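# Fold and contact review
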Amino acid sequence: MTDNRPIGLFDSGIGGLTVLREIWKTAPDESTIYFGDNSRAPYGTKSRSTVIRYSLQNLKFLESKDVKMIVVACNTASAYAYEELKARAKVPVVEVVTPGADDACNATKNGKIGIIATKATVSTGVYKDAVERRAKELGMDNIEIFQQACPLFVSLAEEGWWDSEVTRLTAEEYLKPLKEAGIDTLVMACTHYPLLTKVIGEVMGDGVTLVNTGVATAKVVRGLLDKEGICSGRNEEPVREFYTSDEPELFEQVAAPFLGEGLPSGTKHFTTDKYEVTV
Ligand code: DGL
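We now turn to the structure provided with this report. As a convention, each chain's residues are numbered from 1 in the sequence order in which they are written. Under the rules for a predicted model, residues below a pLDDT of 70 receive no local features and side-chain atom pairs below 80 are neither given nor counted, while totals for whole chains, interfaces and linings still include all residues. Heavy atoms throughout the structure, all of them, feed into the side-chain values; hydrogens and water do not.

## Some details on the pattern of salt bridges
One side chain can pair with another of opposite charge once the charged atoms of both are near each other. Within this document, salt bridges are pairs made up of a side-chain nitrogen of Lys or Arg and a carboxyl oxygen of Asp or Glu, the two lying within 4 Å of each other. Applying the stated criterion across every chain, the model contains 20 salt bridges. For Glu30, the salt bridge is made with Lys68, and the minimal N-O distance between the two is 2.6 Å. Of this pair, Glu30 sits in the loop between helix H1 (17-26) and strand S2 (32-36) while Lys68 sits in the loop between helix H2 (48-64) and strand S3 (69-72); the two residues are 38 residues apart in sequence, bridging distant segments of the chain. A single salt-bridge network, built from bridges that share partners, covers Asp163, Glu165, Arg168, Lys198 and Glu202. Secondary structure counts use DSSP, requiring at least four H or I residues in a row for a helix and at least two E residues in a row for a strand, with both numbered from the N terminus.

Dropping the structure here:
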């Protein structure tokens with residue numbers, strides 16, 4: 001069986017592009033529709049009910065585009081809204097927390113795992129729970145988890161300051177307790193953070209494995225396409241569409257250097273706040 005409909009992704013802004021880029025690698029034949037809710041970003045400082053409402057509105061938009069799968073390419077939305085999204089969606093929903101937690105357990109040697117995320121994600125404890133659950137399944141009894149909220153990383157990433165001195169100083173400050181704790185694995189549990197991989201990696205040093213939840217999630221998407229028998233069967237080039245709730249030019253300016261090859265182009269403006277949802 002084949003299914004030529006696109007995969008829909010949403011994030012609060014450009015962070016989900018780190019997931020999209022990895023999905024393009026594991027599922028290159030698939031068409032994709034990406035919605036960045038830049039005008040309402042960040043989600044990581046909003047309340048639970050607000051993030052759930054935004055996420056359900058984004059779901060309505062993507063479903064109106066007849067997608068075959070929704071990828072919640074935002075850790076905060078995954079942490080707060082996954083259950084609601086899954087309950088209301090007509091298509092399979094993939095979140096980014098569980099895949100990241102699984103990769104962290106596979107990567108660690110000394111059992112000391114750091115998790116950096118938005119304040120919202122840290123406060124839910126979903127990552128900690130997911131890592132502990134996975135470690136238990138693997139029979140690992142030496143797991144220690146150290147969490148750190150790094151809220152400024154989101155603005156630095158949105159600003160395009162991926163390798164600047166201010167980012168380095170900020171990273172040194174945030175990551176100090178994790179270095180002191182002797183972690184050997186660090187989960188970048190926010191989809192914006194892989195944009196800062198160079199700086200985060202340099203500050204943490206060679207001995208620390210960085211887990212990119214986008215990479216982990218893209219493997220899950222590939223597996224689900226195969227398992228559900230919904231891979232694209234087309235022969236022509238896949239379509240890659242972008243929408244943003246803010247200025248398309250701004251979105252493209254920041255996104256293009258990350259996605260390479262001048263992508264994306266033809267980004268359209270759309271706001272999802274018109275959708276009525278009950279939370
Ligand atoms: N993309 C969000 C996440 O992964 C971070 C940005 C935000 O706070 O909206 O948590």
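From this point, the narrative continues.
## Digging into the layout of surface pockets
Both cavities and pockets are sets of points on a 1 Å grid over the protein atoms alone; in a cavity a 1.4 Å probe fits but cannot get out, in a pocket the set is open with protein on both sides within 12 Å along at least five of seven lines, and lining residues sit with an atom within 4 Å of a point. Grid points are joined across faces, edges and corners, and a volume is the space filled by probe spheres set on the points. Reported here for the largest pocket is a volume of approximately 210 Å³. Where the lining of the largest pocket is concerned, the elements lending two or more residues are helix H3 (75-88), helix H4 (97-107) and helix H6 (126-137). Looking at the lining of the largest pocket element by element, the count peaks at 6 residues for H3. In the scheme used here, Gly and all other residues not listed as nonpolar or charged are polar, with Ala, Val, Leu, Ile, Met, Phe, Trp, Tyr, Cys and Pro taken as nonpolar and Asp, Glu, Lys and Arg as charged. The residue makeup of the lining of the largest pocket, split by class, is 7 nonpolar, 2 polar and 5 charged.

## What about the sheet that holds strand S8 (residues 209-212)?
For sheets, the rule is that strands pair by backbone hydrogen bonds, running either parallel or antiparallel. If you walk across this open sheet you meet the 4 strands as S6-S5-S7-S8, and the pairing is parallel. The outermost strands of the open sheet, each flanked by one partner alone, are strand S6 (144-149) and S8. Neighbour to neighbour, the strand axes of the sheet diverge by 20° on average, direction disregarded. DSSP bridges decide pairing: two strands pair if at least two such bridges lie between them. As defined by bridge partners, strand S5 (residues 112-117) adjoins strand S7 (residues 185-188) across 4 bridges and the pair is classed as parallel. Across the sheet, the residue bridging to Gly114 is Leu186, located in S7. It only takes one pair of heavy atoms within 4.5 Å for two residues to be counted as in contact. Axis definition: a line fit to C-alpha positions, over the contact stretch in the case of helices; interaxial angles, taken between N-to-C directions, run 0 to 180 degrees. Here helix H10 (residues 213-228) sits on the sheet in contact with S7 and S8, set at roughly 50° to S8.

## Observations concerning the packing of aromatic side chains
The geometry of an aromatic ring pair comes down to the distance between the two centres and the angle between the two planes. Stacked, tilted and edge-to-face are the three classes assigned to paired rings of Phe, Tyr and Trp, where Trp is represented by its six-membered ring and a pair needs centres within 6.5 Å; plane angles under 30 degrees give stacked, over 60 edge-to-face, the rest tilted. The final tally for this structure, using the stated rule, is 11 aromatic pairs. For the pair Tyr34 and Phe251, a centre-to-centre distance of 6.1 Å together with 40° between the ring planes defines the contact as tilted. Taken as a pair, Tyr34 in strand S2 and Phe251 in helix H11 (residues 248-259) lie far apart in primary sequence, 217 residues in all. Like Tyr34, the residue Phe251 is buried in the burial classification. With a centroid separation of 6.4 Å and 40° between ring planes, the pair formed by Phe270 and Tyr275 is classed as tilted. Exposure classes here rest on a 1.4 Å probe applied to the protein chains alone. A residue is buried below 20% of its type maximum, exposed above 50%, and partly exposed in between. A relative accessible area of 21% places Tyr275 in the partly exposed class. Aromatic ring contacts, followed pair by pair, group Phe35, Phe61, Tyr243, Phe270 and Tyr275 into a single cluster. A cation over an aromatic ring shows up here: Arg40 above the ring of Tyr54, its NZ or CZ 3.7 Å from the ring centre. We call a charge positioned over a ring when the NZ of a Lys or the CZ of an Arg lies within 6 Å of the ring centre and within 35 degrees of the ring normal. A cation sits over an aromatic face here: Arg240 above Trp24, 4.0 Å from the ring centre.

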